Amino acid sequence: MKKSLSISVLSIINLPSFQDKAKSLADRLNLPCHQSIAEAASEFFLVYTEIGLQFCIYSNPDQMQSLLYVDFVKGKNGYRHSKNSTIRQPLAKAVGIKPGVRPSVFDATAGLGRDAFVFACLGCEVSLCERSAILHCLLEDGLSRASQETKTMEIVSSRMTLRMEDSKKILQNSPRTYHTIYLDPMYPHRPNSALNRQEMRVIRDLVGDDDDGGMLLEAAFGAAQNRVVIKRPKGAVELSDRKPSFVVPMKNSRYDIYLTSV
Ligand SMILES: C[S@@+](CC[C@H](N)C(=O)[O-])C[C@H]1O[C@@H](n2cnc3c(N)ncnc32)[C@H](O)[C@@H]1O
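Residues numbered from 1 in each chain as written. Predicted model: local features only at pLDDT ≥ 70, side-chain atom pairs only at ≥ 80, totals over all residues.

The next subject is helix α9 (residues 213–221). Given 3.6 residues to a turn, an α-helix orients residues that are three or four positions apart in the same direction. Inspection of α9 places Gly213, Leu216, Leu217, Ala219 and Ala220 among the buried residues, and these make up the whole buried set. Take α9 and look down its axis: the buried residues cluster within an arc of 160°, on one side only. On the buried face of α9, the contacting elements are α7 (167–172), β9 (178–183) and β10 (224–233). (Buried ≥ 20, exposed ≤ 12 C-beta atoms within 10 Å, placed from the backbone. Helix = DSSP H or I, 4+ residues; strand = E, 2+ residues; numbered from the N terminus. Arc of directions from axis to C-beta. Contact = placed C-beta atoms within 7 Å.)

Next comes the structure, spelled out in structure tokens:
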């Protein structure tokens, strides 16, 4: 369930340019902006740090713990980029990537942009859409940093575009612009699931349960040139009365693929 979190914005980099960034982000998100942690009464912070914008919790005195951070250059995404970007991976197969074929993808549930980055690394043009203002600004910051690094510059600047919107609105009135529409709504909440990693728990607290996944899927059917892909937990019911054209199974989840081209 979506929680009402008390969030402030601040910069721990004591430079006017970063203080200004923090102020304008706070204005955009309608959140308080503070000069220091001591001034703020909130538990959660969007913080400009040396490595970029992070979503943090401040629980113990002098302990700021980073909960969410988008990094396409190093870490897991950097690793994927250099070692794991193969067209044989299930995610690539699901969206229709084949030798010589790179579909354009509308990622309607962008989140932290990981799946979208894989599509872009493999050569697809990706339009990302995220409706949570907090996730959107973290993703925007990650994309901006990656666009300044030599190894990710081309991928991010020429193949990834981000907007903040409810994707249903875009898809409901969209001509069939994209070859593939990719959906990865939040999984239904399963208490005590080993899969409930801290990061996913935090995202769930911020965005809720994505209960409108079925409506998003219906909207996508009318807007995809070739296929709609939805990621589902293993064993979960389909989110539509329509049967998937085929399924790409994985260990704990699966991709349901609906071909839409005639
Ligand atoms: C499980 S996360 C997606 C993770 C993402 N695939 C990744 O690789 O980081 C689901 C995200 O979809 C977003 N979302 C769900 N429904 C949406 C909609 N109708 N429009 C825009 N964003 C949506 C949620 O806010 C959440 O951030």
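When you tally the buried positions in strand β1 (residues 7–11), you get four out of five residues, the bulk of the element. Bridge count between β1 and strand β2 (residues 33–34): two bridges; the pairing is parallel. Directly across from Leu10, in β2, lies its bridge partner His34. Handedness of the β-α-β unit built from β1, helix α1 (residues 16–29) and β2 comes out right-handed. (Pairing = 2+ DSSP bridges. Right-handed = clockwise from strand over helix to strand, strands pointing away.)

With that settled, consider the nonpolar core. Within the largest apolar cluster, 64 residues are counted, with the highest numbers of intra-cluster contacts made by Leu138, Ile181 and Ala220. Excluding residues that lie within four positions of it along the chain, Ala220 makes contacts with Ala108, Leu171, Ile181, Leu183 and Val228. (Core = buried A, V, L, I, M, F, W, Y, C linked by C-beta atoms within 7 Å.)

A word on the domain arrangement of the chain. When its domains are assigned, the chain resolves into domain 1 (7–68) and domain 2 (75–259). Taken together, the eight residues of domain 1 in the interface contact 10 residues of domain 2. Mapped by element, the contributors of at least two residues to the side of domain 1 that touches domain 2 are α1, β4 (52–60) and β5 (63–69). At three residues, β4 tops the list of elements feeding residues into the side of domain 1 that touches domain 2. Class assignment for the residues of the side of domain 1 that touches domain 2 results in seven nonpolar, one polar and no charged. (Domains from an automatic or database assignment. Nonpolar A, V, L, I, M, F, W, Y, C, P; charged D, E, K, R; others polar.)

In this section: the pairing of strand β7 (residues 126–130). β7 sits mainly inside the fold: five of its five residues count as buried. Burial along β7 is two-sided: Val126, Leu128 and Glu130 and Ser127 and Cys129, pointing in opposite directions, are all buried. Of the strand pairs in this sheet, strand β6 (residues 105–107) and β7 are connected by three bridges, and their pairing is parallel. The partner of Phe106 across the bridge, within β7, is Ser127. Remark: the β6/helix α4 (residues 114–121)/β7 crossover connection has right-handed handedness.

Around the ligand there are 22 residues in total, and Thr109, Gly111, Arg114, Arg131 and Ser167 lie nearest to it. Residue classes in the shell around the ligand are distributed as nine nonpolar, five polar and eight charged. (Near = placed C-beta within 6 Å.)

Take unusual backbone geometry next. Despite not being glycine, Asn30 shows a phi value in the positive range, around 60°. Tracing the backbone shows Asn30 in the loop between α1 and β2. With phi around 50°, Asp210 is a residue other than glycine that occupies positive phi space. Mapped onto the elements of the fold, Asp210 is located in the loop between α8 (198–207) and α9. Residue classification places Asp210 among the partly exposed positions, given that 17 C-beta atoms sit within 10 Å.

What the seven strands build is an open sheet, ordered β8-β7-β6-β9-β10-β12-β11; its pairing is mixed. Of all the strands in the sheet, the pair left with one neighbour each is β8 (160–164) and β11 (246–249). With direction set aside, neighbouring strand axes in the sheet form an average angle of 20°. Pairing of β6 with β9, which is carried by three bridges, proceeds in the parallel orientation. Residue pairing in the sheet places Asp107 in a bridge with Tyr182 of β9. Against the sheet, helix α5 (residues 133–146) contacts β7 and β8, and its axis sits at roughly 155° relative to β8. Contacts from α9 reach β9, β10 and β12 (253–259), with the element oriented near 160° to β10. (Axes fitted to C-alpha atoms, helices over the stretch in contact; angles between N-to-C directions.)

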